[in-house]
Amino acid sequence: MRTLRSWIWRLRGMFHRGRAERELAEEIESHIQMHVDHNLRRGMAPGQARREALLKLGGLDATKEGCRDRRGLPLVENFARDLRYAALDAVRHKAFTAVVVLTLGLGIGASALVFSAVHALFLRPLPYAGGDRLVEVRKPVRSRGDKGLISFSGLASLKASGVFAGVAGFAYAAWPGVLASGDDMELTSMVDVTGDFFAVLGVPPMLGAAPGPADRSTLVLSYAAWKRLFAGRPDAIGRQARLNGVNRTVVAVMPASFQLFRSERPEIFLPDTAASSHPDAETLACIARLRHGAAFPAVIRDLARVPAPDGKERFQGPGFEAVDLRSSLFGDYRPALLTLFGAVLFVLLIACANVAGLLLARMTVRSRELHLRVALGASLRRVTAQLLTENLVSALAGTVCGLLLAYGGVEMLKQLRMSGFRALPEFRIDGPVLAFTALVCLLVPLLCGLSPVLQLALRRSARLIEGAPTATPAHWRSGRANVVAGLAFSFVLLVGAGLLAATFFKVARIDPGFQTANLMFIEFDDNRLFFEDIVRRQAFYDELVSRAGDLTGVVAAGQSDQVPLSDDVRNVPISVTLATPPAGSSGKAGAFLRTTDGGFFRALGIPLRTGRFLEARDARGSQVAGVINEGFARRVWGAPANALGQRLKLLGADVTIVGVAGDVRESGLRNRPADQILYVSTRQFIKGNRVLAVRAKADASGLVPALLRLAASLEPGAPPVRIRNMAQIVADSISAERFSAVLITGLSALALALSSMGVYAVVAFSVSQRIREFGVRLAIGAQRRQILMLLLREEAPLIAAALGLGAAAGLLLTRVLASQLYEVSPGDPLFFIAAGIPVALIAALASCVPAYRASRIDPVAALRWE
Amino acid sequence: MGERTDIPLGTLALMALKTLDVMGPLHGFGIARRIEQISGDAIAVNYGTIYPTLLKLEQEGDIASAWGASENNRRAKFYSLTRSGRKRLERETRERERVNRILDRFLAAEGESK
């Protein structure tokens, strides 16, 4: 209680210093007076009386000091005073402060930006209840691009097995749709979900209630859809709306944080319509919740015993597999992002090293002032506190600058909208990111300021007070070492950027085996439309294709079952038996089946190697024709010509090979074409999805209205339709390479900027220390150009050392990139030279500027320089 | 002159409180003089050290200050004991007496065994 009282007094005392000082002075003066009176009464002489009184007091100022310290809160007051001094000092040396703040800002901002990405993907909880108890369940994934989608009967099988606490399914593809409500019609994106989808994910709706098992024809809005399509009105619940011609009732609105992580962000959820598609159609993705207390390995074992519903022996082994949801959603990004995080922290260290170098350099000027303070009685603790406070001020300013940069970076990333990003959670500069930045902000002054403080502590000798403030070799070396490290690191990053950029350009130029210009793919959600009537569906598509081919502006139209280079490519081997196997082969092969028509080959511009493409005459009743790709022909028969006329048994039918088509890279530009593709005619085999391919004479999107009208005329049901442009698909397929290249280039530019600022600062400081020397040189007849060359010659070893160090480090570190490169060797000297030149030039330029200014000094002013 | 010993501040605060208890409201100079007198000049203390002690006691609420007129009609700051200060003085005095009694017994006992 007593201590509390005294603290409150002291807190108040901080604010009334002036008055308290005056009172104390008055009190002490009256004390002296009384003592003098007392002495005079005892008979002393007036002068001696006063002297004795002062002596007995024990020092006027010491008394005042003793009271002063007790009056306020010294810690707080000292800190406030240091802050004010640091701020004034910063304003007085604007250029120095600007460089420090900018350097720290770049480092801290980049770290905050990358941390926001790390946090969004790996630290922030998923927008579902108990996200770490959720898994994605799928059929075992056998080949690249295979999504392992499950059918509705597969979901039922999972639910019945009781392995999970809850099983929710949703359509993998989100379809565009038209929502008509009242007089408004809006384009939106929708996805089919099972009725218990929201219950399993554990997210209660913000408005309304999730549909029960008895509800039909309902729809659930996402927050974005509610805002956009219903103006955020609470009376949206219960409203009727027509979605693609079907009447539905709005029953719930989901909270803003709820999200399905898919490239096309679905806005509307259609509960229980998953039941309306064919029970064996494999179109569903599945999220399941683990039972309370169940361990993941045990669940995997139990899952292995659940039978696959389709009973076909395509897959041996377990019918289902489960993956932790977060890994399945974002696991692919983990290695790249963590590498990036490491790199950006390294850049931050470089920034701190630069600033430390600058501060060290500045210490040499201030050492006289600081040692004087220590000699006059300032405790080492106070001086250290002041230095650290100065660094804290710089760090705070740098953090503010950095947060602004990071915020700008997040906005810029949103604008980039690369396809890989659309399926990711939003990067935000929110609480945890700010906390991380605050932590960095507190660490930075320690990192930067430690060396000057240590140096001060170690060299307390009075000798330094008298000497001229020239730089001692020790300061010099560590300041330069930082700069060399920074340049070397920039060099390594630049080499990496070159490698990845070259990879990107090489990959972008890969020939996929078909013509990609003016090519469009149209998909209908015909599960909804045709259900089990495959014959009717095929008739629709055949008619559509033939009529589409007649439209003006269309070069060719055809159909297939998947879009090359897209996310949907699935390669499932179907066994075929060769009628006359070549010598040495078993006669059995696995082929990837494609049901297409002649128009498809023409639309895509696939070259014909020998024989013919599929034609209209390959219909029911005639010989079953097949076209294989070149790789298949070479692998089994040695040459395309040898494959002509060969016969295979496929799904019970006899197929004759009538042609060999060129190879097509379907599952990715970087993947070699599969060597087992068999094309059969849609009139002879009916299978799977249908996709319409249309090549236009000019821009393909101009044809869309005509094609949709055509489809509507054939089948008025107007199913949802997805239209994709091949150019966009190709760009999306290389977005990962583009992203890596852009990122590393940005990072290397950042590192180079920081390093060159460091070089500039170090050289500028060196020049400022030697102004008198230059004055002398100029006065005794040196040319200005000679001063310039002198400085450049001194900097050259520094640059050379940086390049050497960087080259050695680069040879080691670029191996890390090897897996991402394409036809580019990590040790290729061309990239090292190409990277070294800008580094050397920029470093030389950064040294030139102060050197040039040094050479322009007026010798007389220089000689008088203090 | 006898031996002069320096006193830690806690003791000084106690002596200041006792002085105020005995003498009533007094100014800083008076308190310092009285302490020197009572201790029989055995303690050397700079008068100036009384002021931080008085400030601490005032912050802790044991004494209160007010400006008034001294004997010679000089303006001086007078300190007086508060109720809590009086209680603290009593407490401390009792505590010290108790400690001294124990110590006496202890030291006396040692003398017996010799």
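Everything numeric here is computed off the predicted structure, so don't read it as measured data.

### Focus: the overall build of chain B
The number of helices and strands found in chain B is 4 helices and 3 strands. Secondary structure elements of chain B, listed N to C terminal, follow the sequence α-β-α-α-β-β-α. Counting across all 114 residues of chain B, residues that qualify as buried make up 39%. Considering only contacts in chain B between residues 6 or more positions apart, those separated by 24 or more positions represent 48%. For chain B, the computed accessible surface area is about 6,800 Å², with 52% contributed by carbon and sulfur atoms.

### Some remarks on the overall build of chain A
Of regular secondary structure, chain A possesses 29 helices and 22 strands. Its C-alpha atoms give chain A a radius of gyration of 38 Å, clearly above 29 Å, the size a compact globule of 866 residues would have. Its C-alpha atoms give chain A principal-axis dimensions of about 140 × 75 × 55 Å. Going through the 866 residues of chain A one by one, you find that 49% of them count as buried. Restricting the contact set of chain A to residue pairs at least 6 apart, pairs at least 24 apart contribute 82%.

### Examining helix α7 (residues 152-161) of chain A
Residue and element names in this part refer to chain A. Of the residues making up α7, those classed as buried are G154, L155, S157 and L158. Across the axial projection of α7, the buried residues extend over an arc of 160°, all falling on one side. Where α7 is buried, its residues contact β1 (134-138), β2 (166-171), β10 (284-289) and α10 (296-304). Two residues or fewer after α7 comes G162, characterised by a positive phi angle close to 70°.

### Quick word on the sheet that holds strand β12 (residues 519-524) of chain A
All names here are of chain A. Taken in spatial order, the 4 strands line up as β13-β21-β12-β22 in an open sheet, and their pairing is antiparallel. What marks the edges here is a single partner per strand, and that holds for β13 (554-560) and β22 (721-725). Across the sheet, the mean angle separating the axes of adjacent strands is 20° when strand polarity is ignored. Bridge analysis of β12 against strand β21 (residues 691-696) gives 4 bridges, and the strand direction is antiparallel. Considered in β21, the bridge of F521 is made with A693. With respect to the sheet, helix α19 (residues 534-550) is in contact with β12, β13 and β21, its orientation differing from that of β13 by roughly 165°. Along the sheet, helix α23 (residues 704-714) contacts β12, β21 and β22; its crossing angle with β12, the most-contacted strand, is approximately 30°.

### Remarks on the confidence of the model for chain B
All names here are of chain B. Per-residue pLDDT for chain B averages 81, and the proportion of residues at 70 or more is 84%. Predicted confidence is poor over residues 1-9, with pLDDT under 50, and the contacts of this stretch with residues over four places away or in other chains come to 13 contacts. The complex model carries a pTM of 0.70, and its ipTM stands at 0.83.

### Concerning the sheet that holds strand β1 (residues 26-27) of chain B
The strands making up a sheet associate through backbone hydrogen bonding, with each pair oriented either parallel or antiparallel. As summarised here, the arrangement of the 3 strands in space is β1-β3-β2 (chain B), forming an open sheet in which the pairing is antiparallel. Sheet topology places β1 and β2 (63-69) of chain B at the edges, where each strand pairs with a single neighbour. Pairing between β2 of chain B and strand β3 (residues 75-81) of chain B: 7 bridges, direction antiparallel. For A66 of chain B, the partnering residue across the bridge sits in β3 of chain B and is F78 of chain B. Sheet strands touched by helix α2 (residues 17-42) of chain A: β1, β2 and β3 of chain B. Its angle to β3 of chain B, the strand with the most contacts, is close to 100°. With respect to the sheet, helix α3 (residues 50-59) of chain B is in contact with β2 and β3 of chain B, its orientation differing from that of β2 of chain B by roughly 120°.

### Details of empty space enclosed by the protein
All names here are of chain A. One pass over the full model with this rule turns up 9 cavities of 30 Å³ or more. Approximately 140 Å³ is the volume attributed to the largest cavity. Every residue along the wall of the largest cavity is listed here: A86, D89, A90, F96, T97, V100, L359, R362, E390, N391, V393 and S394. Mapped by element, the contributors of at least two residues to the lining of the largest cavity are α5 (74-92), α6 (94-123), α12 (334-375) and α13 (380-416). Element by element, the count of residues in the lining of the largest cavity is highest for α13, at 4 residues. Grouping the constituent residues of the lining of the largest cavity by class yields 6 nonpolar, 3 polar and 3 charged.

### Observations concerning helix α21 (residues 630-637) of chain A
By the criterion of burial, α21 of chain A is predominantly enclosed, with 6 of the 8 residues buried. Once α21 of chain A ends, the next one or two residues include G638 of chain A, with phi positive near 95°.

### Re a nonpolar patch on the surface
Residues and elements named next belong to chain A. Together, L349, L439, L443, L446 and L447 make up a nonpolar patch on the protein surface, roughly 460 Å² of accessible area in all. Here L446 lies in helix α15 (residues 431-458). Relative accessible area serves as the criterion here: at 41%, L446 is assigned to the partly exposed category.

### Overview of the interface of chain B and chain A
Listed as interface residues are 29 residues of chain B and, on the opposing side, 25 residues of chain A. Carbon and sulfur atoms make up 56% of the surface buried where chain B meets chain A, a total of about 2,600 Å² over both sides. The largest per-residue losses of area from chain B upon contact with chain A belong to F29, Y51 and Q59 of chain B, which jointly make up 27% of the total buried on that side. The tally of links between chain B and chain A comes to 5 salt bridges. The shortest N-O distance in the salt bridge between E23 of chain A and K77 of chain B comes to 3.2 Å. Secondary structure elements with two or more residues in the side of chain B that touches chain A: α2 (28-38), α3, β3 and α4 (83-113) of chain B. Top contributing element to the side of chain B that touches chain A by residue count: α3 of chain B, with 6 residues.

### Things to note about the environment of A712 of chain A
Looking at where A712 of chain A falls in the secondary structure, it is placed in helix α23. Residues A712 of chain A and I237 of chain A lie 475 residues apart in sequence; the distance between their C-alpha atoms is 32 Å.

### Observations concerning the pattern of salt bridges
Residue and element names in this part refer to chain A. Enumeration according to the criterion identifies 35 salt bridges over all chains in this entry. Of the charged contacts, one joins R428 and D430 as a salt bridge, the two residues approaching to 3.9 Å between their closest N and O atoms. According to the relative accessible area criterion, R428 is partly exposed, its value standing at 35%. For D430, a relative accessible area of 18% gives the class buried. Counted as one network, the salt bridges with shared partners bring together R124, E426, R428 and D430.

Thresholds, definitions, all that
Residues numbered from 1 in each chain as written. Chains lettered and ligands numbered in written order. Predicted model: local features only at pLDDT ≥ 70, side-chain atom pairs only at ≥ 80, totals over all residues. Heavy atoms only, no water. Helix = DSSP H or I, 4+ residues; strand = E, 2+ residues; numbered from the N terminus. Buried < 20%, exposed > 50% of the residue type's maximum accessible area, 1.4 Å probe, protein only. Contact = heavy atoms within 4.5 Å. Areas by Shrake-Rupley, 256 points an atom, 1.4 Å probe, with all protein chains shown as cover. Rg over C-alpha atoms; globule rule 2.2 N^0.38 Å. Arc of directions from axis to C-beta. Pairing = 2+ DSSP bridges. Axes fitted to C-alpha atoms, helices over the stretch in contact; angles between N-to-C directions. pLDDT = per-residue confidence, 0-100. 1 Å grid on protein atoms, 1.4 Å probe; cavity = no way out; pocket = protein on both sides within 12 Å on 5 of 7 lines; lining within 4 Å. Points joined across faces, edges and corners; volume = space filled by probe spheres on them. Nonpolar A, V, L, I, M, F, W, Y, C, P; charged D, E, K, R; others polar. Patch = residues over 30% accessible without salt bridge, like charges linked within 9 Å, V, L, I, M, F, W, Y side chains within 5 Å. Salt bridge = Lys/Arg side-chain N within 4 Å of Asp/Glu carboxyl O. Buried area = accessible area lost by both parts, 1.4 Å probe.

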